[in-house]
Amino acid sequence: GENVEQHPSTLSVQEGDSAVIKCTYSDSASNYFPWYKQELGKGPQLIIDIRSNVGEKKDQRIAVTLNKTAKHFSLHITETQPEDSAVYFCAAQQAGTALIFGKGTTLSVSS
Amino acid sequence: EAEVAQSPRYKITEKSQAVAFWCDPISGHATLYWYRQILGQGPELLVQFQDESVVDDSQLPKDRFSAERLKGVDSTLKIQPAELGDSAMYLCASSLVVAGVYEQYFGPGTRLTVT
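How each quantity is defined
- Counting restarts for each chain, with residues numbered from 1 along the sequence as it is written.
- The lettering of chains begins at A and the numbering of ligands begins at 1, in the order of writing.
- In keeping with the predicted nature of the model, local features appear solely for residues at pLDDT of at least 70, side-chain atom pairs appear and are counted solely at 80 or more, and the whole-chain, interface and lining totals rest on all residues.
- Only hydrogens and water are set aside; all other atoms, that is, all heavy atoms of the structure, feed into the side-chain values.
- Under the scheme used here, helices are H or I runs from DSSP no shorter than 4 residues and strands are E runs no shorter than 2 residues, and both carry numbers assigned from the N terminus.
- For each residue, the accessible area found with a 1.4 Å probe, counting protein chains only, is set against the maximum for its type, and the residue is called buried under 20%, exposed over 50%, and partly exposed in between.
- Here, two residues are considered to be in contact whenever any of their heavy atoms come within 4.5 Å of each other.
- Between any two strands, pairing holds if DSSP finds at least two bridges.
- In this analysis, axes come from line fits to C-alpha atoms, helices being fitted only over the stretch in contact, and the angle between any two N-to-C directions falls in the range 0 to 180 degrees.
- Any pair of cysteine sulfurs within 2.5 Å is marked as a disulfide.
- Here a polar contact is taken to be a pair of N or O atoms separated by no more than 3.5 Å, where protein atoms must pair a possible hydrogen donor with a possible acceptor and residues adjacent in sequence count only if both atoms sit in side chains.
- Each nonpolar core is a collection of buried residues, namely Ala, Val, Leu, Ile, Met, Phe, Trp, Tyr and Cys, held together in the definition by side-chain atoms within 4.5 Å.

I would appreciate a short explanation of the overall build of chain B in the present structure.
Per the secondary structure count, chain B includes zero helices and 11 strands. Along chain B, from the amino end to the carboxyl end, the secondary structure elements read β-β-β-β-β-β-β-β-β-β-β. Taking all 115 residues of chain B together, the buried fraction comes to 44%. Look at the contacts in chain B between residues 6 or more apart in sequence, and 53% of them connect residues 24 or more apart.

Written out as structure tokens, the structure reads:
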């Protein structure tokens, strides 16, 4: 079955810096890669996603890249703000199945 | 903006007791999922419904867990009897198919503590 590895497990940056979180997946049949932000005591919130037929997607300060050959995908947050502090999860999915999540990255943005 | 509703938000129960969680998905979402999230880890699927039918319950501990979605709308997850190791966040998600992809939206979760 699918396995998703996520790094780093913790990331501390200064306000205004960029943050990058990387994930790898094992099953080439996966075709959908969402990223979720989870704040303490809340459910995961979908922040951006990418499909296997796209290499990069941007939404304001957030971007995601996908390398299908290497089975890598990454989340990039620019101009970080304190409110970006949260746990971020990557996930992979094959059509119609449940998401397989990474173990999460705790991002801390200090002002 | 439509959201997935879950109740209760918090539940404390003693081991060997029964506990039930409720989920109301976003209107029109045919697919519903129950995930369990242990502290410090990502969510893991317990059961997936398509309308009222179970699509995947391979990771559901069927000796103590049950789930139903009788009318294909809201859903209930039950644990009987609860064990200490069941303490976790129980998350419900629903999905809409967009260009062949199942975008999943999560509810706020139910934090279960078994004492």
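Even after reading the chapter, I still don't get the sheet that holds strand 8 (residues 72–77) of chain A, so can you show me in this structure?
Strands in a sheet are paired, the pairing made by backbone hydrogen bonds, and the direction either parallel or antiparallel. All names here are of chain A. Taken in spatial order, the five strands of this open sheet run 1-3-8-7-6, and their pairing is antiparallel. The open sheet has two free edges, formed respectively by strand 1 (4–7) and strand 6 (56–59), since each of these has just one partner strand. When strand polarity is set aside, the average angle formed by the axes of neighbouring strands in this sheet is 15°. Bridge analysis of strand 1 against strand 3 (residues 19–25) gives four bridges, and the strand direction is antiparallel. Counted as the bridge partner of Gln6 is Cys23 from strand 3.

Honestly, the state of the cysteines in this entry has me stumped. Any pointers?
Any covalent bond linking the sulfur atoms of two cysteines counts as a disulfide. Residue and element names in this part refer to chain A. Inspection of every chain in the model, using the stated rule, returns two disulfides over all chains. Residue pairing for Cys23: its cysteine sulfur links by disulfide to Cys90, the two sulfurs lying 1.9 Å apart. Every disulfide takes its handedness from the sign of the S-S torsion; for Cys23 and Cys90 that torsion is -100°, giving left-handed. Here Cys23 is found in strand 3, whereas its partner Cys90 is found in strand 9 (residues 86–92), with 67 residues between them in sequence. Across this residue pair, the class does not change: Cys23 and Cys90 are buried.

It is not clear to me how the side chain of Thr31(B) should be interpreted in this structure. Could you clarify?
Residue and element names in this part refer to chain B. Tracing the backbone through its elements, the reader meets Thr31 in strand 4 (residues 31–37). For Thr31, a relative accessible area of 2% puts it in the buried group. A distance of 2.6 Å separates the side chain of Thr31 from the side chain of Gln50, its partner in a polar contact. Here Thr31 is in contact with Gln48, Phe49, Gln50, Arg69, Ala93, Ser94, Ser95 and Tyr102, once residues within four sequence places are set aside.

Would you mind showing me how to read the nonpolar core here?
One broad trend across soluble globular proteins is that nonpolar side chains are buried collectively. Counting 24 residues, the largest nonpolar core has Trp35(A), Phe73(A), Leu75(A), Tyr88(A) and Leu107(A) as the members making the most contacts within it. Of all the secondary-structure elements, those providing two or more residues to this core are strand 2 (10–14), strand 3, strand 4 (32–38), strand 5 (45–51), strand 7 (62–67), strand 8, strand 9 and strand 11 (105–110) of chain A. The contact partners of Phe73(A), leaving out residues within four places of it in the chain, are Ile21(A), Lys22(A), Cys23(A), Tyr25(A), Phe33(A), Trp35(A), Thr65(A), Leu66(A), Cys90(A) and Ala91(A). Counting 20 residues, the second-largest nonpolar core is a separate cluster that includes Leu46(B), Leu77(B), Tyr90(B) and Val114(B).

Sorry if this is basic, but what is going on with the sheet that holds strand 7 (residues 65–68) of chain B here?
All names here are of chain B. Pairing within the open sheet is antiparallel, and its four strands lie in the order 1-3-8-7. Here the strands that pair on one side only, and so sit at the sheet edges, are strand 1 (5–7) and strand 7. On average, each strand axis in the sheet is inclined to that of its neighbour by 15°, with strand direction left out of account. For strand 7 and strand 8 (residues 75–79), the ladder comprises four bridges, and the chain directions are antiparallel. For Ser66, the partnering residue across the bridge sits in strand 8 and is Lys78.

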